[in-house]
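Inside the fold
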Amino acid sequence: IRLLSLACLSLAAKMEQSTVTPLSAYKLQEYDFNNQQIQRAELLVLSTLEWKMGSITPFSYMNYFINKFCGDSKPEGLWSRVAELFMAVTKGMAKLIFH
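The rules behind each value
- Residues numbered from 1 in each chain as written.
- Predicted model: local features only at pLDDT ≥ 70, side-chain atom pairs only at ≥ 80, totals over all residues.
- Heavy atoms only, no water.
- Helix = DSSP H or I, 4+ residues; strand = E, 2+ residues; numbered from the N terminus.
- Buried < 20%, exposed > 50% of the residue type's maximum accessible area, 1.4 Å probe, protein only.
- Contact = heavy atoms within 4.5 Å.
- Areas by Shrake-Rupley, 256 points an atom, 1.4 Å probe, with all protein chains shown as cover.
- Expected span 1.5 Å × (residues − 1).
- Phe/Tyr/Trp six-rings, centres within 6.5 Å; stacked < 30°, edge-to-face > 60°.
- Core = buried A, V, L, I, M, F, W, Y, C linked by side-chain atoms within 4.5 Å.
- Axes fitted to C-alpha atoms, helices over the stretch in contact; angles between N-to-C directions.
- Parallel < 35°, antiparallel > 145°, perpendicular 65-115°, else oblique.
- Left-handed = near helix turned anticlockwise from the far one by under 90°.
- Patch = residues over 30% accessible without salt bridge, like charges linked within 9 Å, V, L, I, M, F, W, Y side chains within 5 Å.
- Salt bridge = Lys/Arg side-chain N within 4 Å of Asp/Glu carboxyl O.

Scanning the chain from N- to C-terminus turns up four helices and zero strands. For the chain, buried positions account for 18% of its 99 residues. Within the chain, residue pairs in contact and separated by at least 24 positions form 54% of the contacts whose partners lie at least 6 positions apart. Surface summary for the chain: the accessible area is close to 8,100 Å², and the carbon and sulfur share equals 61%.

Structure follows, in structure tokens:
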């Protein structure tokens, strides 16, 4: 259970941080797992989850909606305009939620 907990902590850190703490920095009282043991546990978690750890964002659906609404006639610069719209909406929502 401790190794599994450590592997999940390590995977979460890798998802959230741009620079990742080395595995050797994670020490548990009474336990000293080496890098290889932690990496094997991470792979076990990932394979159990079928590697589905990505965050779902509006960009995940962008291609679907552009194809649905525009078909084959996509205006020039559409992708960047849609991305700008997503970012503006996200900023607006963040202001509402956090202020």
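Before going further, it helps to examine helix H3 (residues 59-70). The terminal C-alpha atoms of H3, which comprises twelve residues, lie 16 Å apart, in line with the 16 Å expected from a rise of 1.5 Å per residue. Two residues or fewer past H3, glycine 71 is found with a positive phi of approximately 60°.

Turning our attention to the packing of aromatic side chains. For the coordinates displayed, the defined rule picks out two aromatic pairs. On the basis of an interplanar angle of 10° and a centroid distance of 6.0 Å, the ring pair of phenylalanine 65 and phenylalanine 69 is categorised as stacked. With phenylalanine 65 and phenylalanine 69 both in helix H3 and four residues apart, this pair spans about one turn of that helix. Among the aromatic side chains, those forming a connected cluster through ring pairs are Tyr64, Phe65 and Phe69.

Here the focus is the nonpolar core. One finds Met62, Ile66, Leu78, Val82 and Phe86 forming the largest nonpolar core, which totals five residues. For this core, the element with the most residues is helix H4 (residues 78-98), which contributes three residues. Discounting residues that sit within four places of it in the chain, valine 82 has contacts with Met62 and Ile66.

Our next topic: the packing of H3 against H4. The N-to-C vectors of H3 and H4 enclose an angle of 125°; their axes lie 11 Å apart at closest approach. Here H3 lies oblique to H4, going by the angle between them. In this structure, H3 meets H4 at a crossing whose hand is right-handed. Note on element contacts: H4 touches H3 through Leu78, Trp79, Val82, Ala83, Phe86 and Met87, opposite Phe59, Met62, Asn63, Ile66 and Cys70.

A grouping of Leu85, Val89, Met93, Leu96, Ile97 and Phe98 is seen on the molecular surface, where their side chains present a nonpolar patch of about 700 Å² in accessible area. Tracing the backbone through its elements, the reader meets leucine 85 in helix H4. Under the relative-accessibility criterion, leucine 85 is labelled exposed at 52%.

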